[in-house]
Amino acid sequence: MYQSSDIRGDSPVTIIGAGVAGAWQALLFAQAGHAVTLHERSDAGMTLSTSHWAGGMLAPWCEAEMSEPVIGRLGIRSLDLWREHFPNTSFNGSLVVAHPRDRSDFERFAKLTSGHRRLDAHALSELEPSLEGRFREGLFYPDEGHVEPRRVLPKLHQRILAAGGTIKFNSEPGLADIDGIVIDCRGLAARDTQPELRGIKGELILIETSEVQLSRPVRLIHPRWPLYVIPREDNLFMLGATSIEAEDNGVSVRSALELLSAAYAVHPAFAEARIVEFGSGLRPAFPDNLPRITVDNQRIAVNGLYRHGFLIAPALAELTVAYVERGQIDNEVMRCA
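Here's what I pulled together on the structure shown here. From a predicted model like this one, the values you see are computed outputs, not experimental measurements. Counting starts from 1 at the beginning of each chain's written sequence and moves along it residue by residue. Local features in this predicted model are restricted to residues whose pLDDT is 70 or higher, and side-chain atom pairs enter the listing and the counts only when it is 80 or higher, whereas totals over whole chains, interfaces and linings include all residues. Just so you know, side-chain values use all the structure's heavy atoms and leave hydrogens and water out.

### Some remarks on the side chain of aspartate 184
Strands are runs of DSSP state E lasting at least 2 residues, helices are runs of H or I lasting at least 4, and numbering of each runs from the N terminus. The topology assignment puts aspartate 184 in strand β9 (residues 181-184). Partly exposed describes any residue whose relative accessible area lies between the buried limit of under 20% and the exposed limit of over 50%, with all areas from a 1.4 Å probe on protein chains only and scaled to the type maximum. With relative accessibility at 4%, the residue aspartate 184 sits in the buried group. Among the polar contacts made by the side chain of aspartate 184, one reaches the side chain of arginine 186 at a distance of 2.8 Å. Here, two residues are considered to be in contact whenever any of their heavy atoms come within 4.5 Å of each other. The contacts of aspartate 184, once residues within four sequence positions are left out, are Ile16, Leu175, Ala190, Thr193, Ile300, Ala301 and Val302. What qualifies as a polar contact is a pair of N or O atoms within 3.5 Å, subject to a donor-acceptor requirement within protein and to the restriction that residues adjacent in sequence count only when both atoms come from side chains.

Next comes the structure, spelled out in structure tokens:
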């Protein structure tokens, strides 16, 4: 669908927030030839950003287990954009496993998702030798991938600069003080203009061990939530899964115990791993847990990415560029004030 707008397609663009949502907006607008300025309230370490605490899984088929179809559509398109702009992105697939006591939950996960093939114990051990003898079967999603947020964000920022954009860290301008097109990617900080946003806490634990080798994210079906174990460089693994309706910081004792116990259930060697870091981030979500691009003349807000930031940010940026340059509207995602 197309509609006329007051926005000129060649206008300069100011983006507030240099997390994964804002960074992809800046990259695609800069590559489209716009004069782009990206503002970030924190320093280049991005420690105040939700993206700093993200898992970085690019798993649209697995996410179908608890997400609306629009997430899958945006996610699958985003995989193409990750491949196009970052050819070294790891697309080794992802793996879902369960112990026999959780077989019914495993079968439910299989029915609610697609894009997978079943592996017996032998095929599973060939795919991930460290899991040999640990599970009777698994679900392999070969087209999924993952990124390491703390490594890929600086690369995104470098690409923005290479495309002619400008990045200003430790900068938090007021929206009313900026002329031209403004794209608001502030996450929870945007509640001054989008009060319906709420924070969903996601907790993580970073551990280190050389006793386990994994080539892809592994999800363990759990009675309360699927734990994911994501391999990082330098013998590091990220443990995560929680989505808690709370806006406090830190990791609760209960979550830490459950995450560590579930990791031990994936492989006993994790019991001897060294804990490197506990942390949590607040994901911005609307009441329906779906993303929105809200257009109000030359002010565009991109928010509500919930737990899917790295999965859907590229596709959302592509939609925003299409609106600014051609007036194109995606009716599932975009709203005009």
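Additional details are given in the paragraphs that follow.
### Quick word on the packing of helix α1 (residues 20-31) against helix α3 (residues 69-85)
Only C-alpha atoms enter the line fits that serve as axes; for helices the fit covers just the stretch in contact. Angles between N-to-C directions range over 0 to 180 degrees. Put simply, α1 and α3 touch, their axes get as near as 13 Å, and they point 65° apart. Viewed along their axes, α1 and α3 form a crossing whose handedness is left-handed. Counting all contacts with α1, which are made through Trp24, Leu27, Leu28 and Gln31, the residues of α3 involved are Leu81, Trp82 and His85. Its residues assigned to classes, the contact of α1 with α3 shows five nonpolar, two polar and no charged. Note on convention: the crossing is left-handed when the near helix lies turned anticlockwise from the far helix by less than a right angle, right-handed when the turn is clockwise. In this count, Pro and Cys sit with the nonpolar residues alongside Ala, Val, Leu, Ile, Met, Phe, Trp and Tyr, while Asp, Glu, Lys and Arg are called charged and the others, Gly among them, polar.

### Section: the environment of glycine 72
Tracing the backbone shows glycine 72 in helix α3. Of the residues examined, glycine 72 reaches a relative accessible area of 16% and is grouped as buried. Separated by 85 residues in sequence, glycine 72 and histidine 157 have C-alpha atoms that sit 26 Å apart.

### Quick word on the pairing of strand β16 (residues 299-303)
Two faces, one strand: in a regular strand the side chains alternate between the faces of the sheet. With respect to burial, β16 is a largely interior element, four of its five residues being buried. Only when DSSP finds a minimum of two bridges between them are two strands counted as paired. Judged from the five bridges that link them, strand β15 (residues 292-296) and β16 form a sheet pairing that is antiparallel. Within β16, the residue paired with isoleucine 293 across the bridge is valine 302. Where β15 folds back onto β16 in an antiparallel hairpin, the turn is made up of two residues, including asparagine 297, whose phi is positive at roughly 55°.

### Concerning helix α8 (residues 309-326)
Expected helix span is taken as 1.5 Å per residue step, with the number of steps being one fewer than the number of residues. Between the first and last C-alpha of α8 there are 25 Å, a value that for 18 residues agrees with the 26 Å anticipated at 1.5 Å per step. Most of α8 sits inside the fold, with 15 of its 18 residues counted as buried. Positive phi shows up at glycine 327, right after α8, with a value of about 75°.

### Describing the nonpolar core
Here, nonpolar core refers to any group of buried Ala, Val, Leu, Ile, Met, Phe, Trp, Tyr and Cys residues whose side-chain atoms link them within 4.5 Å. Counting 63 residues, the largest nonpolar core has Trp24, Trp82, Leu156, Ile183, Ile293, Ile300 and Leu316 as its most contacted members. Take this core: its biggest share by element is 11 residues, from α8. Residues in contact with isoleucine 183, not counting those within four places in the same chain, are Val13, Thr14, Ile15, Ile16, Gln25, Phe29, Ile300, Val302 and Thr320. Within the second largest apolar cluster, 27 residues are counted, among which are Leu119, Leu214, Val218 and Phe237.

### Looking at the pattern of salt bridges
In the sections that follow, a salt bridge refers to a side-chain nitrogen of Lys or Arg positioned within 4 Å of a carboxyl oxygen of Asp or Glu. Counting across every chain of the model gives 24 salt bridges. Salt bridges here are not isolated pairs; linked through shared partners, they connect Arg77, Asp80, Arg83 and Glu318.

### Looking at the sheet that holds strand β1 (residues 13-16)
Reading across from one edge, β8-β2-β1-β9-β16-β15-β17 is the order of the seven strands in this open sheet, with mixed pairing throughout. Each end of this open sheet is capped by a strand with a single partner; those strands are β8 (166-169) and β17 (334-336). Recorded for the sheet is a direction-independent mean angle of 20° between the axes of neighbouring strands. Inspection of the sheet shows β1 paired to β9 by four bridges, in the parallel sense. Along β9, the bridge assignment pairs isoleucine 15 with isoleucine 183. Sheet strands touched by α1: β1, β2 (36-40), β9 and β16. Its angle to β2, the strand with the most contacts, is close to 165°. Along the sheet, helix α6 (residues 149-162) makes contact with β2 and β8, crossing β8 at roughly 130°.

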